[in-house]
Amino acid sequence: MAETNNNPAVIGWEETTPVPDGYEFNDYLKEEDGRLRMDGLDLAQVLHDYGTDQGFGRTLPSPLEIIYLPLIRRQIRRMRDYFDTAREEIGYAGQFLYAYASKANAAEEVVRTTLGVGAHHEMSSTIDVDIARIMIARGLLTPERLLICNGFKTADSQYMENIIRIKDAHDLVIPVLEDLDELSPLINSGKQFEVGIRQKTYGHNLTAEAMEAVNSRFGLNIEQVWKTAEYIDASPGLQLRLYHAMVGSQMADEGAFVDYLRPGMEVYAQLRQRYPSLNIFDFGGGMPAAMTLNFQFDYLAFAVGLLSALQETCDRYGVPVPDVMGELGRYTTAAHGAHLFQVILEKDNGSNLPWYIIDGSIMTSFPDSWALSEHFICLPLNNLDKPFQQVQLGGITCDSDDVYPPKKSKSALFLPVDTERLTLGFFGIGAYQEMLGGVRGSKHCVLPEANELLVDRDADGNLQFNVIRGQTNIDVLNNLGYFDGV
Ligand SMILES: Cc1ncc(COP(=O)(O)O)c(C=O)c1O
């Protein structure tokens, strides 16, 4: 069910009583002996010495980013299982193609992990092509993987030139045409390309007419779609392989998600009647991810609904069902990222609720909480076995918007009354937040970037740790042009 004013996002523990022993907040966050475990990882113990060790052998200062890679693999495997079950249930003849939309998080460890479990790769800019080239050289982007090139790639752009060049290193490159203008460089390249066409489908539209009327810069209108298909057909080097119909982001309702894709399915089937090389229906992004504790989405129902609707549409037009591609960004990466902070001050100045001030910035660490009033899970890492109270969080910057819950929020935040060595974590922040906030660079109130702790598990489930150093004060000063030191 979508979160609304009457059904606000649940962002943490909502009682004044301690969290019961062994309580599971979701499928990867669990209380154990008063501390919070992330898929078994004792987070407080990474920041504070409790006299025990989980293989890391030391502590790191707060604030700290946690990158927990097993959750990326789990997400991909689960979605494939949902689609396998759905295909079996309805006897769907096509495949499900899981592509990772790298715009959600282009960090090396993330792309390495998605490719490591066999995901196809979707990209949107010229640097993405360079990343793909590095991954091909490392043997991670293997020849059978589809490389989907979305985004604007005008005729004389670096991106287009890079796409044409990478074709020599990787055969399965599929440029998805956003505009007719993108055709001529592909034709002139003299290379053989399978291509996609993106229709203007963005929005919550139930009919072809509504879709046509939408105000969106993405994709082609129906007349342009047919014209582009004709040009592709007339070009000896090009073949139409993919139809792209993305309808939105973080779709909340599985039935509505399928319904908004239906007008595009009609167009797919009509195109397929005329162009038999077409065999991928790409619904783009929009697959939602749990960033709060009352998030609900029936992924299996979505998969069954989508494949059934495609099957029904293709039967009606007498064409074979397509392979179905999803370009999953948020769904793939939201859960694997967490940001840990220390509460450095409890301040009661007669405001509505006590302020807990943390040693970092909320608005620069996950900008969507400030820009879009987006909610993320916020839980203490220790003192969970002690009483809680309702509070508000303040970042350490001097910005009045650097608060949590977001200003317009109806959600309540409860944290332990005992703030002695209290640390807390924000969860579900692994998609888009780091990319929007920027990696390295200079941040609001010149706060340095935190260290990152990369955590993985080996084949036996043992934890493995790697530290990516954050910024020093000197890094920040140099970055701003103060090269003479202090
Ligand atoms: C073309 C395209 N594909 C995929 C995505 C990923 O979307 P999501 O993060 O909702 O999975 C986006 C996001 O903007 C997109 O523009």
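Let us look at the structure shown here. (Residues numbered from 1 in each chain as written. Predicted model: local features only at pLDDT ≥ 70, side-chain atom pairs only at ≥ 80, totals over all residues. Heavy atoms only, no water.)

1. Re the site of the ligand
Okay, so step 1: Around the ligand sit 13 residues in total, of which Gly286, Glu327, Gly329, Arg330 and Tyr432 are the nearest.
Okay, so step 2: Here an oxygen atom of the ligand and a backbone polar atom of Gly286 are 2.8 Å apart. (Near = heavy atom within 4 Å. Polar contact = N/O pair within 3.5 Å; in protein donor to acceptor, adjacent residues only side chain to side chain.)

2. Structural notes on the packing of helix α2 (residues 70–90) against helix α10 (residues 299–317)
Okay, so step 1: Contact geometry of α2 with α10 gives a least axis separation of 9 Å together with a crossing angle of 45°. In terms of their interaxial angle, α2 and α10 are classed as oblique. The two elements α2 and α10 cross, and the hand of that crossing is right-handed. Packed against α2, whose contacting residues are Met79, Tyr82, Phe83, Thr85, Ala86, Arg87, Glu89 and Ile90, the element α10 presents Tyr299, Leu300, Phe302, Ala303, Val304, Leu306, Leu307, Ser308 and Gln311 at the interface.
Okay, so step 2: When its residues are assigned to classes, the contact of α2 with α10 shows 12 nonpolar, three polar and two charged. (Axes fitted to C-alpha atoms, helices over the stretch in contact; angles between N-to-C directions. Helix = DSSP H or I, 4+ residues; strand = E, 2+ residues; numbered from the N terminus. Parallel < 35°, antiparallel > 145°, perpendicular 65-115°, else oblique. Left-handed = near helix turned anticlockwise from the far one by under 90°. Contact = heavy atoms within 4.5 Å. Nonpolar A, V, L, I, M, F, W, Y, C, P; charged D, E, K, R; others polar.)

3. Here we look at the side chain of Thr333
Okay, so step 1: Within the element layout of this structure, Thr333 appears in helix α11 (residues 330–333).
Okay, so step 2: Looking at Thr333, the relative accessible area reads 0%, which means it is buried.
Okay, so step 3: Reaching out from Thr333, the side chain makes a polar contact with the backbone oxygen of Gly329 at a distance of 3.0 Å.
Okay, so step 4: Those residues in contact with Thr333 that lie beyond four places of it in its chain are Ile72, Tyr100, Ala104, Asn105, Val110, Gly430 and Ala431. (Buried < 20%, exposed > 50% of the residue type's maximum accessible area, 1.4 Å probe, protein only.)

4. With respect to the pattern of salt bridges
Okay, so step 1: Across all of its chains, the model carries 25 salt bridges by this definition.
Okay, so step 2: Put simply, Glu182 and Lys153 hold a salt bridge, and the shortest N to O gap is 3.0 Å. Of the two residues, Glu182 sits in the loop between β8 (173–177) and α6 (183–188) while Lys153 sits in the loop between β7 (147–149) and α5 (158–166), which places them 29 residues apart along the sequence.
Okay, so step 3: Given a relative accessible area of 0%, Lys153 falls into the buried group. (Salt bridge = Lys/Arg side-chain N within 4 Å of Asp/Glu carboxyl O.)

5. Considering the sheet that holds strand β6 (residues 120–123)
Hydrogen bonds between backbone groups are what pair the strands of a sheet, and the pairing can be parallel or antiparallel.
Okay, so step 1: Pairing within the closed barrel is parallel, and its eight strands lie in the order β5-β6-β7-β8-β9-β10-β11-β12. Sheet twist, expressed as the mean angle between neighbouring strand axes with direction ignored, is 30°. (Pairing = 2+ DSSP bridges.)

6. Regarding helix α9 (residues 254–274)
Okay, so step 1: Here α9 spans 31 Å end to end across 21 residues, near enough to the 30 Å set by a 1.5 Å rise per residue.
Okay, so step 2: A bend of about 40° at Arg262 is the largest found in α9, and the proline Pro263 appears one to four places after it.
Okay, so step 3: All buried positions along α9 are accounted for by Phe257, Val258, Tyr260, Leu261, Pro263, Gly264, Met265, Val267, Tyr268, Ala269, Leu271 and Arg272.
Okay, so step 4: Structurally, the start of α9 carries an N-cap: the backbone nitrogen of Gly255 is 2.8 Å from a side-chain oxygen of Asp253. (Expected span 1.5 Å × (residues − 1). Bend = angle between axes of the 7 residues up to and from the residue.)

7. Regarding the sheet that holds strand β3 (residues 41–42)
Okay, so step 1: With antiparallel pairing, the three strands of this open sheet are ordered in space as β1-β2-β3. What marks the edges here is a single partner per strand, and that holds for β1 (29–32) and β3.
Okay, so step 2: Pairing of strand β2 (residues 35–38) with β3 involves two bridges; the strand directions are antiparallel. Within the sheet, the bridge partner assigned to Arg37 lies in β3 and is Asp42.

8. What to know about the nonpolar core
Okay, so step 1: Grouped together as the largest cluster of nonpolar side chains are 104 residues, with contacts concentrated most on Phe83, Phe283, Met287, Phe302, Leu306, Leu393 and Phe426.
Okay, so step 2: Not counting chain neighbours up to four residues away, the residues in contact with Leu306 comprise Phe83, Val258, Leu261, Met265, Phe283 and Val324.
Okay, so step 3: Trp13, Ala338, Phe388 and Ala412 belong to the second-largest nonpolar core, a separate cluster that totals 33 residues. (Core = buried A, V, L, I, M, F, W, Y, C linked by side-chain atoms within 4.5 Å.)

9. Observations regarding the packing of aromatic side chains
Okay, so step 1: Taken as a whole, this structure holds 23 aromatic pairs when the rule is applied.
Okay, so step 2: Measuring from centroid to centroid gives 5.7 Å for Tyr82 and Tyr299, while their planes differ by 20°, and the two rings are stacked. Of this pair, Tyr82 sits in helix α2 while Tyr299 sits in helix α10, and the two are 217 residues apart along the sequence.
Okay, so step 3: Judged by relative accessible area, which is 12%, Tyr299 ranks as buried. (Phe/Tyr/Trp six-rings, centres within 6.5 Å; stacked < 30°, edge-to-face > 60°.)

10. As for the packing of α9 against α10
Okay, so step 1: One can describe the packing of α9 onto α10 by two numbers: an axis separation of 9 Å at closest approach and a directional angle of 30°. The orientation of α9 relative to α10 falls into the category roughly parallel. Crossing hand, α9 versus α10: right-handed. Taking contact as the criterion, the partners of Glu254, Phe257, Val258, Leu261, Arg262, Met265, Glu266, Tyr268, Ala269, Gln270 and Gln273 in α9 are, on α10, Ala301, Phe302, Gly305, Leu306, Ala309, Leu310, Thr313, Cys314, Arg316 and Tyr317.

11. Focus: the pairing of β6
Residues in a regular strand project their side chains so that they alternate between the two faces of the sheet.
Okay, so step 1: Across the two faces of β6 the burial is the same, with His120 and Glu122 and His121 and Met123 all buried.
Okay, so step 2: In the sheet, strand β5 (residues 96–101) pairs with β6 via three bridges, with the strands oriented parallel. Across the sheet, Ala101 pairs through a bridge with Glu122, a residue of β6.
Okay, so step 3: Handedness of the crossover is the feature at issue here: the chain leaves β5, passes through helix α3 (residues 108–116), returns alongside β6, and the resulting connection is right-handed.
Okay, so step 4: Two elements, β6 and β7, share three bridges in a ladder whose sense is parallel. (Right-handed = clockwise from strand over helix to strand, strands pointing away.)

12. Quick word on a nonpolar patch on the surface
Okay, so step 1: Among the surface-exposed residues, Ile344, Leu345 and Ile396 lie close enough to one another that they form a single nonpolar patch of about 250 Å² accessible area.
Okay, so step 2: Position of Ile344 among the secondary structure elements: in strand β13 (residues 337–347). (Patch = residues over 30% accessible without salt bridge, like charges linked within 9 Å, V, L, I, M, F, W, Y side chains within 5 Å. Areas by Shrake-Rupley, 256 points an atom, 1.4 Å probe, with all protein chains shown as cover.)

13. Focus on the pairing of strand β21 (residues 451–457)
Okay, so step 1: Among the seven residues in β21, six count as buried, and that is most of the element.
Okay, so step 2: Note that strand β4 (residues 64–68) and β21 share five bridges and pair parallel. Among the inter-strand pairings, Ile66 is bridged to a residue of β21, identified as Leu453.
Okay, so step 3: The pairing of β21 with strand β22 (residues 463–468) spans six bridges and is classified as antiparallel. Looking at the pairing, Val455 lines up with Phe465 of β22.
Okay, so step 4: What sits between the antiparallel neighbours β21 and β22 is a turn of five residues, in which Gly461 has the positive phi angle 85°.

14. So, α3
Okay, so step 1: Among the residues making up α3, those that are buried are Glu109, Val110, Val111, Thr113, Thr114 and Leu115.
Okay, so step 2: Looking one or two places after α3, you find Gly118, whose phi comes out positive at around 90°.

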